[in-house]
Structures are given as structure tokens and as C-alpha cells.
Amino acid sequence: MNELSQIEAMLFVVGEEGIGLEELAFTLKRSTSEIYQNIIDLKKKYEEDETVALTILEVGNHFVLTTKKEFAPLLKEFARSPMANRLSQAALEALSIIAYKQPVTRSEIDELRGVQSSGAVQTLVARQLIEEKGRVDGPGRAILYGTSEYFMDYFGLKDIKELPDVQQMEEDLADEDEPLDLFYDRFKEEDEK
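Described in the following lines is the structure provided in the data block. As the structure is a prediction and not an experimental result, all values here were calculated from the model.

Thresholds, definitions, all that
Residues numbered from 1 in each chain as written. Predicted model: local features only at pLDDT ≥ 70, side-chain atom pairs only at ≥ 80, totals over all residues. Heavy atoms only, no water. Salt bridge = Lys/Arg side-chain N within 4 Å of Asp/Glu carboxyl O. Buried < 20%, exposed > 50% of the residue type's maximum accessible area, 1.4 Å probe, protein only. Pairing = 2+ DSSP bridges. Helix = DSSP H or I, 4+ residues; strand = E, 2+ residues; numbered from the N terminus. 1 Å grid on protein atoms, 1.4 Å probe; cavity = no way out; pocket = protein on both sides within 12 Å on 5 of 7 lines; lining within 4 Å. Points joined across faces, edges and corners; volume = space filled by probe spheres on them. Patch = residues over 30% accessible without salt bridge, like charges linked within 9 Å, V, L, I, M, F, W, Y side chains within 5 Å. Areas by Shrake-Rupley, 256 points an atom, 1.4 Å probe, with all protein chains shown as cover. Core = buried A, V, L, I, M, F, W, Y, C linked by side-chain atoms within 4.5 Å. Contact = heavy atoms within 4.5 Å. Polar contact = N/O pair within 3.5 Å; in protein donor to acceptor, adjacent residues only side chain to side chain.

Here the focus is the pattern of salt bridges. Applying the stated criterion across every chain, the model contains 7 salt bridges. In this structure, the salt-bridge partner of R30 is E34, at a minimum N-O distance of 3.6 Å. On the accessibility criterion, R30 (16% relative accessible area) is buried. On the basis of relative accessible area, E34 is assigned to the partly exposed category, the value being 31%. The partner of K133 in a salt bridge is E131, and the shortest N-O contact between them spans 2.9 Å. When its relative accessible area of 41% is taken as the criterion, K133 is described as partly exposed.

Right, here's the structure in full:
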């Protein structure tokens, strides 16, 4: 595991929020000047290799792993395609957490889901279902996410309070006499034949 691959892995994991030079240096136990030079070297390596679609952007005091500009038309076309319109289970879970707990940080979403959620959050931002609602006061100034106007329009909500009550849904599910199985009725009918 060399120095560049360590930085690449860190940039990949942090997702769209990026990571600061100091945090990288602390995590990798190297000086900020050494880490900065490694980032420059990695960015140069990406730019020189035409078979690599990635690059590194410096946004404020953070570094973000992203795709090269020339891939924008391809990615926009993909985003418009019918195949790209389905949300993954991870994205649906993250969207539910954001809708009910907003404003919420990505690390809070990670904690509730029990897994890393940067990809799901990126998907939701790209689909304009969620948006930045501010930043946390404190170290790192993490982004606070909430649902967007598009989310409200898409789900036909005038107010976020119109979301189904979670406690009521849990009570309804607990009151069910039969198991909640999409295929239960079909199998029951087949057994009766």
C-alpha cells in the first residue's frame, strides 16, 4: 500500500464532502506538506493517464475525488436515462432517514444505517431529492442535509409533517395477525388447492 493509494482510498471514502489536508495528514501520520505533494502527484497521474476518468478538485480547503470535465456529457446522459431513475436500497434508506430526521449530517445517516452512506447521499443530491440545509457549528463543519422542494413536489407533500407517522406504522405492523410477506397470499392459495 503506497502513499498515493492511501490518499486515493481516503478521497474515495469521504465522497463529495472531501477531506482537508490536516485531516489527511493526521490520519496518515505524515506532514501536511508531504500529503499536499502526494495529492499534486496523484492529480498529475490522473490527468496524464487518458484511461482514467478521475481527477482531484481542491474546493475551499478540502480535496474531492471527482470525474474529469470531459465526462460531464456522458454522466448527464446517464442521469437522464430510464435505467438511472431507480433508487438503490441504500439511497431509499438514506432518503427516509433524511426526510424524518432533517437536518442531518452524513455521519448521522451512517450511524443510523450502520454503514457508510456517501454514495447514497451523492445519488440523492444528484437527483435533487435532498439539498444542503447548512453546516454544523464545530470541527469539520459537516453539511446538514434536508429534503428539497423537488422531493416535496415528487411525493405530493405541502409540508414535511404530511409524511406518514412512523410510530403509527409500527403499531399497524404489530397488529397484523398474518405475517407480512408479499407472497404470503399466493402461497396460501396454492396450499389450499
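Time to look at the sheet that holds strand β4 (residues 104–105). The strand order across the open sheet formed by 3 strands is β4-β6-β5, and the pairing between neighbours is antiparallel. Either end of the sheet is taken by a strand with one partner, and the two such strands are β4 and β5 (130–135). Sheet topology places β5 next to strand β6 (residues 143–147); 5 bridges connect them, and they run antiparallel. Of the residues in β6, the one forming a bridge with G134 is L144.

Remark: the empty space left among the atoms is shown by a probe the size of a water molecule rolled over them. In this structure, the largest pocket occupies an estimated 1300 Å³ of space. G119, Q122, T123, A126 and R127 are, among the 34 residues lining the largest pocket, the residues nearest its centre. Looking at the lining of the largest pocket, the elements with two or more residues in it are α1 (3–14), β3 (62–67), α4 (72–80), α5 (89–101), α7 (118–126) and α8 (149–154). Counting residues per element, the lining of the largest pocket draws most heavily on α7, at 6 residues.

A surface patch of nonpolar side chains, amounting to about 230 Å² of accessible area, comprises Y100, V166 and M169. By the element assignment, Y100 lies in helix α5. With a relative accessible area of 35%, Y100 lands in the partly exposed category.

A few words now on the nonpolar core. Core analysis: the biggest nonpolar cluster contains 19 residues, and L95, I98, I109, L124, I130, Y145 and F151 have the highest contact counts within it. Mapped onto this core, the elements with two or more residues apiece are α5, α7, β6 and α8.

So, about the environment of S148. Within the fold, S148 resides in the loop between β6 and α8. On the basis of relative accessible area, S148 is assigned to the buried category, the value being 4%. Not counting chain neighbours up to four residues away, the residues in contact with S148 comprise Q128, L129, I130 and E131. Polar side-chain contacts of S148 include one of 3.3 Å to the backbone nitrogen of Y150.

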